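Residue-level structural notes
Each chain, letter by letter, is given below.
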Amino acid sequence: MKSRIPDASTEGRIEEIREQAALGRLDAKGIRPPGAPFPEANAEDGYYGLPLLKAPVWTWEVPLYFFVGGAAGASSVVAIAAQVAGGSRALVREARWIAAIGAAASGPLLVLDLGRPERFLNMLRVFKPQSPMSVGAWTLTVFAASASAAVLADVIGLRRIGDAAAFAAALSGLGMATYTGVLIGATVIPVWAKHARSLPIHFGASGLASAVAVLTLRGHEDRALNTLGLVAAAFETYMGIEIEGANDLESEPLRHGPTGMTIRAGGFFSGPLSLALRLLGMKSRRARRAAAASALLGSLITRIAWIEAGKASVRDLRPAMR
Amino acid sequence: MAVTGFLTDSTLCIGCKACEVACKEWNDVPDDGFVWSGLSYDNTIALGHSTYRHVKFVERTPQTGCGGNASERMTWEFSSDVCKHCENAGCLEACPTGSIVRTEFGSVFVQPDICNGCGYCVVACPFGVVDRRPDDGRAFKCTFCYDRQKAGAEPACAKACPTGSILFGPLDELEAAGERRIAQLHAAGMSDATIWNPKETSVGGTHAFFLVRGDPRSYNLPPNPQVPATLLKQSWSAAGVAAAAMTAVSLLAFAWGAGSKQGKRIR
Amino acid sequence: MAENHPVGFQWVIEAREKNGAKIIHVDPRFNRTSAMSDFWLPLRAGSDIVFLGAMIHYTLSNERYFRDYVVPYTNAATILRKDFQDTEDLGGLFSGWDPEKKQYDGKTWLYEGAEPKSGGAQPGMREEGGGHGKDRGGEGQDLHEPHRDPTLEHPRCIFQVLKRHFARYTPEMVEQSCGIPRERFLEVADIFTSASGREKTGAICYAVGWTQHSSGVQIIRAASILQLLLGNIGRPGGGIMALRGHASIQGSTDIPTLYDILPGYLPMPSQDDDSLAKWIKTHQSPKGWWFNIDKYIVSLLKAYYGEAATPQNEFGFNWLPKLTGDHSHFGYWLDMADGKLEGLFVMGQNPAVGAPNAKLERKALAKLKWLVVRDLVEIETATFWLDSPEIATGELRTEDIDTEVFLFPAASHVEKAGTFTNTQRLLQWREQAVEPPGDARSELHFMVHLGRLLQEKATDAPRDAGLRGLTWDYPCHGPIEEPDPEAVLREIHGWRIVSSRSGGGDAPHPASGHPLPASGAKDLTSNGAGTSQTEAGVLAEKHQSKSLREVSASDPSSLDALSLARALAPQRGERVAEGRVRGPATPIPTATPIPTTAPIKNFSELKNDGSTACGCWIYSGVFDGENKANGRAPKGKYGHGWGYAWPLDRRILYNRASAAPDGTPWSERKKLVWWDESKGEWTGDDIADFTKGKRPDAKGSTDNGGDDALPGDAPFIMHPDGVGWLYVPSGLKDGPLPAHYEPLESNQRNELYPQQVTNPAADRKERPDNVYATSPDARFPYVLTTYRLTEHHTSGAMSRTLSHLAELQPELFAEISPELAEEVGVRNGDCVIVATARGEIEARALVTARMPSLDVQGQRIHQVGLPYHWGGRGLVKGDVVNDLLAISEEPNVRIMESKALTCSVRRSEPIVAPLE
Ligand SMILES: Nc1nc2c(c(=O)[nH]1)N[C@H]1C(S)=C(S)[C@@H](COP(=O)(O)OP(=O)(O)OC[C@H]3O[C@@H](n4cnc5c(=O)[nH]c(N)nc54)[C@H](O)[C@@H]3O)O[C@H]1N2
Ligand SMILES: Nc1nc2c(c(=O)[nH]1)N[C@H]1C(S)=C(S)[C@@H](COP(=O)(O)OP(=O)(O)OC[C@H]3O[C@@H](n4cnc5c(=O)[nH]c(N)nc54)[C@H](O)[C@@H]3O)O[C@H]1N2
Ligand code: SF4
Ligand code: SF4
Ligand code: SF4
Ligand code: SF4
Ligand code: SF4
Ligand SMILES: [Mo]
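A brief report on the enclosed structure follows. (Residues numbered from 1 in each chain as written. Chains lettered and ligands numbered in written order. Predicted model: local features only at pLDDT ≥ 70, side-chain atom pairs only at ≥ 80, totals over all residues. Heavy atoms only, no water.)

**A word on the site of ligand 3**
- Surveying the vicinity of ligand 3 reveals 13 residues, the closest of which are B:Cys83, B:Lys84, B:Cys86, B:Cys91 and B:Cys125.
- Across the shell around ligand 3, the residue classes tally to nine nonpolar, two polar and two charged. (Near = heavy atom within 4 Å. Nonpolar A, V, L, I, M, F, W, Y, C, P; charged D, E, K, R; others polar.)

**Here's the deal with the interface of chain B and chain A**
- Residue-level contacts link 88 residues of chain B with 90 residues of chain A.
- Here chain B and chain A share an interface that buries about 7,200 Å² over both sides, 63% of which is from carbon and sulfur atoms.
- Our count for the chain B to chain A interface comes out at one salt bridge.
- The partner of A:Arg116 in a salt bridge is B:Asp136, with the nearest N and O atoms 3.3 Å apart.
- Across the contact surface, chain B and chain A share 25 residue pairs in polar contact (both at pLDDT 80 or more).
- Those elements that provide at least two residues to the side of chain B that touches chain A are strand 2 (53–59), helix 2 (90–94), strand 6 (131–132) and helix 6 (229–259) of chain B.
- Ranked by residue count, the leading element in the side of chain B that touches chain A is helix 6 of chain B, at 20 residues.
- Residue composition of the side of chain B that touches chain A, grouped by class: 49 nonpolar, 24 polar and 15 charged. (Contact = heavy atoms within 4.5 Å. Buried area = accessible area lost by both parts, 1.4 Å probe. Salt bridge = Lys/Arg side-chain N within 4 Å of Asp/Glu carboxyl O. Polar contact = N/O pair within 3.5 Å; in protein donor to acceptor, adjacent residues only side chain to side chain. Helix = DSSP H or I, 4+ residues; strand = E, 2+ residues; numbered from the N terminus.)

**Quick word on the interface of chain B and chain C**
- Across the boundary between the two partners, chain B contributes 42 residues, which contact 48 residues of chain C.
- Interface area, chain B with chain C, both sides summed: about 3,500 Å², of which 61% is carbon and sulfur.
- It is B:Phe34, B:Trp36 and B:Tyr41 in chain B that bury the most area against chain C; as a group they hold 23% of the surface buried on that side.
- In this assembly, chain B and chain C are joined by four salt bridges.
- Across the pair C:Glu807 and B:Lys24 runs a salt bridge whose closest N-O atoms are separated by 2.6 Å.
- Our count for the chain B to chain C interface comes out at 22 residue pairs in polar contact (both at pLDDT 80 or more).
- Contributing elements (two or more residues each) for the side of chain B that touches chain C: helix 1 (18–27), strand 2, strand 3 (76–82) and helix 5 (171–187) of chain B.
- Looking at the side of chain B that touches chain C, the element that brings in the most residues is helix 1 of chain B, giving four residues.
- In the side of chain B that touches chain C, the residues fall into 17 nonpolar, 17 polar and eight charged.

**Regarding a nonpolar patch on the surface**
Residue and element names in this part refer to chain A.
- The grouping of Trp97, Ile101 and Val155 at the surface amounts to a nonpolar patch, some 310 Å² of accessible area in total.
- Its location among the elements puts Val155 in helix 4 (residues 132–156).
- Taking relative accessible area as the criterion, Val155 reaches 59% and is therefore assigned exposed. (Patch = residues over 30% accessible without salt bridge, like charges linked within 9 Å, V, L, I, M, F, W, Y side chains within 5 Å. Areas by Shrake-Rupley, 256 points an atom, 1.4 Å probe, with all protein chains shown as cover. Buried < 20%, exposed > 50% of the residue type's maximum accessible area, 1.4 Å probe, protein only.)

**Let's talk about the environment of C:Arg81**
Residue and element names in this part refer to chain C.
- Note on placement: Arg81 falls in the loop between helix 4 (67–73) and helix 5 (87–90).
- Spatially, the C-alpha atoms of Arg81 and Trp109 are 7.2 Å apart, while their sequence positions differ by 28 residues.
- In this structure, Arg81 is in contact with Lys107, Thr108, Leu110, Tyr111, Glu112, Gly113, Ala114, Glu115, Pro116 and Arg156, ignoring residues within four places of it in sequence.

**Topic: the site of ligand 1**
Residues and elements named next belong to chain C.
- Lining the immediate environment of ligand 1, one finds 29 residues, of which Asp27, Arg788, His792, Thr794 and Lys899 sit closest.
- In the environment of ligand 1, a nitrogen atom lies 3.0 Å from a nitrogen or oxygen atom belonging to the backbone of Thr790.
- When isolated, ligand 1 has an accessible area of 900 Å², and the protein chains bury 92% of it.
- Going through the elements one at a time, helix 9 (208–211) and strand 24 (782–787) are the ones with two or more residues in the shell around ligand 1.
- It is helix 9 that contributes the most residues to the shell around ligand 1, three residues altogether.
- Split into classes, the residues belonging to the shell around ligand 1 amount to nine nonpolar, 14 polar and six charged.

None of this, on its own, says anything about what the molecule does.
Structure below.
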């Protein structure tokens, strides 16, 4: 008599264990081959190899926010640099607009990701320098305000104010482009924490590359853009090499499994491919546009990859147990 | 108000899970899924958004003649895990809304009316304790029964524990009690009994600490937990470098582009 | 114990931590209790008597017994009849076996010089009686002074009989039969038997791991022998603790839900007991406390039938239902399966899951005309017609089932007030915390109002006389007319009926409290010519009991209602004002008399003349002035003042044994009660379970029966010889001593009695729908045992329905050893089919070394463990483990064998439901 019909809900965990057992990967120590089928807890495997840390709960909004916010932030920097160092007026204006639009999109993305979106304003209850999320929330607030003020002032012709706002936007934009690296770096997620030092730079470069890419795709042909793209791509290539070379436990999700593939894909588009195309782009408009597309894609994939790597990272108990 | 704490003594724990159930009853915590784990008698698996107490069942092969209290051999140890209420709490530091606060009892408390579910505490807890409850959206963890303590009552889990495995009281007294208990166990030949309380790490010690037999790692008690705050300096410095570099590179690029013969535009 | 009595287990932990007590756990599997113990001995399920027998053998052969205790306080010195023959002589049978009737005649088991009671009454041996209604200690034999040899040398003294009986229960036998290595056994035997003597004691705790066997009672007997030999009964830190099941399961034997006893362990009359006098004669013990049984039964009948209970009608004795056969759960359920029952009330039980051969039990329900289920949730028993496995398999078809099912929602324990009587015999009052939701009502409400309705329907027919006579006017209060549970407790405590007044109807019902200090009481006192009320009572009581006994003994044939009434009448005349109590001498008043009552302190004031009423004599004392069950102020070492322990708030039974025969404590460390010469009474930390003023050197009176007949150094006051029984001369159906028999299903030889494999007296109830495996049976090579998990409760109705519990153990699993897993090709987490001769079920395999394989009789044996909490309803569901069990009856208490049977295990492919 079989009265119990297992279904997906009851089979979930056991199926997971079985699959891993079949692959010979005993992430979950519930199953051993016959003969030694009894799960034991021990110092090496921890508590039956079960993860200690909690996976990040963030969904698609967060990497997208990282991407958009990073591009917007970098865009405001480009805008001010162009303004100060003689970039075209159109570029300055458009870069400001990109920053403003990006900022405008960032807010909702961040709010959407909240478990209780209606309480987003609670982010501004306090300012906590020791919390990157708090710093980030305030940065975004200042950035969004100044970036939109910059374009609005422009529209109504208050140039002075516009410039001042743009300056403020650039300052906060620097934060926008880099703080997300701190945000995930200064956590307990092993793969993120391991790269706490490089992530802000990585994300900054990625943001810069995407800001430049958007401007490129918008048809701006300032040479500085290609140069910036080139520099960013070069740095991203360097990052890729560094990641490939890392053989520490914490970095395993960056090199193995689905997350490893994604990191690589992101790295490829934003690193070598972008770089090559940017080099070609010194001559070819097409290549520049292709480079821009590649950089954008790479930048987005990179953010997604890092978040996913973070989730994969917690499944490995070993780093936490050292 | 005295700083209170928990000393959970696995040598006294009978694995009855009364603490788990009492906690859920008191705090009205929903179920965590009806999934059989195949891992000893533990189907709770881990602390989480809907589990504030979790009894671990650390199982070894027993030997005829030896019970679990035999000094020469640990066989089936039970240890009731809980939020550590860290001295330096990653979750608290990370929380952008100020939802997580330290109470007058020294405990770390998530204010459910403030939390907006940003999820940042989740990645800031070195012990994988706090988590966001999907259908609710907010982060939850052990409240240290703040409401009960306010009313002068002990936490529900400690109250329900039949054997005194969960000791609740002023932290300093508990620490002394822990020392005495260890001495007693060692004298009884249980040389594998140790106290886990990561005082030497950046966590700076916990208000809920544990007495276990054998290597604490087999209970998923990490030997060297670190709070994310230790990474802030390097990470923010890197951000500064990145920001500086970005500014410099951008300025240079435009300056160079503007000064070049080809003018501002390529082609 | 840690698994199923976790709260009680805290005291074990405390003993371990504070006093360095060593904890020994004997269990086939390493469970939570083992994890807290110092020693764990895994044994083959069903081999406990070998283990305990070997402990006894070890105690005897290594002189570990407490001689100073054993000689005066046990029947070790008592000499047995010449014609007694042991299992050693008869190859596994005791003398008296009747192979035709398949039962023992216990005559030869009696003490030397004793003859079966005149009239041949052997109530303990009766077919229809279960163990609870068994022999009251002296029922088997007439009064006599046992022949004793205090040197313990006489070859037929019980001590020597014991030695011979257990001679072959050796450590080697333990190794062979239980699978416990010899050295491990010896180590533990040494430790346990050293907890003996003046300075030390040891306790044994058991529950259904011992009882649910075809020789369950004899396992407990073996433990009793061991504890008596070690001097561990009646002393602090000693004893045999039956860890009881449901919250008030102790209460439900004291005031029984069992078929064979009435409240206070009074035997349920059987069809042979056609008169009260005959019943009293059969069950009254000449010496010892059960001498008082007449007072208790008459007072009980007075509580039941009140004014309608008169000496003429033997206080309504014949209105009581009589036993005509095996009316135990299994007895009537099989009758039900055979279509012999029309209707059934199921209250607080879920047999569709919890009872053995659950399939048979469920199918039997379909034979009923009506079924009433009162429960907290809609249990499997109530929905057998809708979603039982038999519906799924087509064995039952809903449209073919005629049973009308009434499901009543029951109020839970927090929704009603009342008492729980716990494992320690402690009555504890529970306040109502919340009102029951909706239509949910307490049991009390249901029964009181049902009784009321039935009484309204009573006709003038003679068969309804009892129903008409029933006192059933419990005061009810509030919007839902909830009966007052304290009124019931008062009735249980009892009262004295001091007068009858012509009925104006304004007098309160006795149960409704505030018994009036009625004029009758004054009359009585003044009539007593200076003696106090109680003194008078006691005097009269003595006189009267004696004369009743004399009457009974002198002319058994005259024991009809009238002679009984005559026997009682003169004494009543002597002591009670004429006309106060109705009797033959008093004309029945025309107006309906309404009794007024006076309080009694406790059962010592109960009478056999109908002047007292008491719902349960052992509880009498609980309402002495106030509701003592509601006491919340514990004092002293034993917590007096918290609740009320029956009898008379004595916390440790037989505690007279905590003092040496001369009345001094055995030792300072182990003192409990002792004789205070200056005060001339027993005193100490507990209330003495002994007559307070009886000197330790008192001689038993030869002219008085009862307690007076026992000397001052006889602690076991319930027994006619006042000593603890190493050997049970009467009252057990399967022998005076424990002998090892294999479980009814076993693949092992009976190493001790090869010719007699299983308990001869056990009832297999074998029939086509209740079949057994052969012994041995190659189809079912493994030992199966079933048990509980801390996380669930019994049939799971109260735990599978609650998320906080259900999630902790969401699926049925079978614990198997790594070796067995390998043998059957199963990995941890796989689904397996466990099968017995009755059926098969599916479970997850939990492969664990905590369920070890053992070496027994040169073979490697594997055991399979199944928790039995799952069924077809609730948040988590699973197969019903009890579909695997057979209905079988241990001879004395008719419990099934759930702890040792045989099974097979094979891998099953999980059927994964198609994803929607
Ligand atoms: N949590 C919880 N507590 C309960 C209950 C519950 O369902 N859940 N039920 C209550 C009830 S109704 C009762 S009756 C009690 C029962 O309480 P227990 O008697 O403790 O109940 P079980 O778990 O059935 O059996 C006890 C042990 O007997 C072992 N055993 C099996 N076969 C043998 C054998 O042949 N010899 C020996 N020596 N041991 C054997 C089993 O492995 C098991 O560990 O618990 C009560 N308490
Ligand atoms: N295989 C195997 N079978 C066993 C055993 C075993 O060890 N192995 N153990 C046996 C033992 S010891 C026992 S006690 C039985 C238990 O078996 P059952 O008594 O059949 O099972 P329970 O689940 O305890 O049933 C109690 C029911 O009472 C209901 N209830 C609770 N409170 C109240 C109340 O106040 N009023 C009313 N009306 N209902 C209430 C609950 O919801 C539940 O449905 O199982 C026996 N069966
Ligand atoms: S254990 Fe985690 S959740 Fe608890 S206080 Fe420490 S950091 Fe916070
Ligand atoms: S999820 Fe809630 S508690 Fe956690 S960090 Fe965010 S706001 Fe604070
Ligand atoms: S302190 Fe309170 S909230 Fe925390 S685990 Fe104990 S019962 Fe739960
Ligand atoms: S209540 Fe106490 S004994 Fe029970 S599992 Fe929790 S800590 Fe252990
Ligand atoms: S459920 Fe009640 S009776 Fe059973 S162990 Fe817990 S407290 Fe004691
Ligand atoms: Mo039970």
